[in-house]
Amino acid sequence: DLYDTALTYAQKAIAVALAMKDSLAFSSFNNDLGRVLAAKGQLKASLAAHMTSLSYYSRTNDKLGQTETFYHLARTSLLLKDRTAASNYAFRGLALARELRRKKDIKELGQVLAEIYQQRGDYRTAMQYFQLYKDYSDSLYIEQIRKQSFSMESKYEYRSEERRVGKECRSR
């Protein structure tokens, strides 16, 4: 199955990173391994892989790496029904995501927190975090549409200019 193939590649990538003494790649590949293990239902092994990544990112003060790893730890802890750990990881990740102004991470962590509070029966707080998720989701969508619009406009202007220059050259 595809997850077994992904697991094999993640393990090989980790081995290569270790052989090359590339700690950053090792940490990144451990997060990849953690995601694959979670998808396969091996949640405790997934947590261990993510904790390995977090250890490196914390030692090197890699806030982006920490943010992404906290998200994965929160998501996996939630799957394990450990809402206390999940909320701890999610809040730590959200604080870093806000500091780094990482809209995608704020959105994802807001969604995790909404799920946690919904499972706790605290629907008011769940709604607040769902609103955070929705606001950032909408913001990211609008940014994507703006980029696509700008790209299309630029292509149109380029082609128009190309045609104009072509006409001028032919008329000479």
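Structure's up top.
Below, the structure is looked at part by part. (Residues numbered from 1 in each chain as written. Predicted model: local features only at pLDDT ≥ 70, side-chain atom pairs only at ≥ 80, totals over all residues. Heavy atoms only, no water.)

## Details of helix α4 (residues 63-79)
Within an α-helix, residues lying three or four positions from one another point in the same direction, as the helix has 3.6 residues per turn.
Part 1 of the reasoning: Compared with the 24 Å implied by 1.5 Å per residue over 17 residues, the 24 Å span of α4 between its first and last C-alpha is a close match.
Part 2 of the reasoning: Extensive coverage of α4 is indicated by the burial of twelve of its 17 residues.
Part 3 of the reasoning: Gly65, Gln66, Thr67, Thr69, Phe70, Tyr71, His72, Leu73, Ala74, Thr76, Ser77 and Leu78 are the residues of α4 that are buried.
Part 4 of the reasoning: The inward-facing, buried residues of α4 contact α2 (23-39), α3 (43-59), α5 (83-100) and α6 (103-120).
Part 5 of the reasoning: Near the N-terminus of α4, the side chain that reaches the backbone nitrogen of Leu64, with its oxygen 3.3 Å away, is that of Asp62.
Part 6 of the reasoning: Lys81 occupies a position one or two residues after α4 and carries a positive phi of about 65°. (Helix = DSSP H or I, 4+ residues; strand = E, 2+ residues; numbered from the N terminus. Expected span 1.5 Å × (residues − 1). Buried < 20%, exposed > 50% of the residue type's maximum accessible area, 1.4 Å probe, protein only. Contact = heavy atoms within 4.5 Å. Polar contact = N/O pair within 3.5 Å; in protein donor to acceptor, adjacent residues only side chain to side chain.)

## What to know about the packing of aromatic side chains
Part 1 of the reasoning: Applying the stated criterion across every chain yields a total of six aromatic pairs.
Part 2 of the reasoning: A ring pair is formed by Phe91 and Tyr129, whose centres lie 6.0 Å apart and whose planes are at 70°; its orientation type is edge-to-face. Taken together, the residues Phe91 in helix α5 and Tyr129 in helix α7 (residues 123-171) connect sequence positions 38 residues apart.
Part 3 of the reasoning: Judged by its relative accessible area of 17%, Tyr129 is buried.
Part 4 of the reasoning: Their ring planes at 10° and their centres at 5.7 Å tell us that Tyr117 and Tyr129 sit as a pair that is stacked. (Phe/Tyr/Trp six-rings, centres within 6.5 Å; stacked < 30°, edge-to-face > 60°.)

## Section: the layout of surface pockets
Part 1 of the reasoning: As a volume, the largest pocket reaches approximately 160 Å³.
Part 2 of the reasoning: What lines the largest pocket is Ser28, Asn31, Asp32, Arg35, Tyr57, Glu68, Tyr71, His72, Lys104, Asp105 and Glu108.
Part 3 of the reasoning: Residue assignment for the lining of the largest pocket shows that the elements contributing at least two residues are α2, α4 and α6.
Part 4 of the reasoning: Ranked by residues supplied to the lining of the largest pocket, first place goes to α2 with four residues.
Part 5 of the reasoning: Considered class by class, the residues forming the lining of the largest pocket number two nonpolar, three polar and six charged. (1 Å grid on protein atoms, 1.4 Å probe; cavity = no way out; pocket = protein on both sides within 12 Å on 5 of 7 lines; lining within 4 Å. Points joined across faces, edges and corners; volume = space filled by probe spheres on them. Nonpolar A, V, L, I, M, F, W, Y, C, P; charged D, E, K, R; others polar.)

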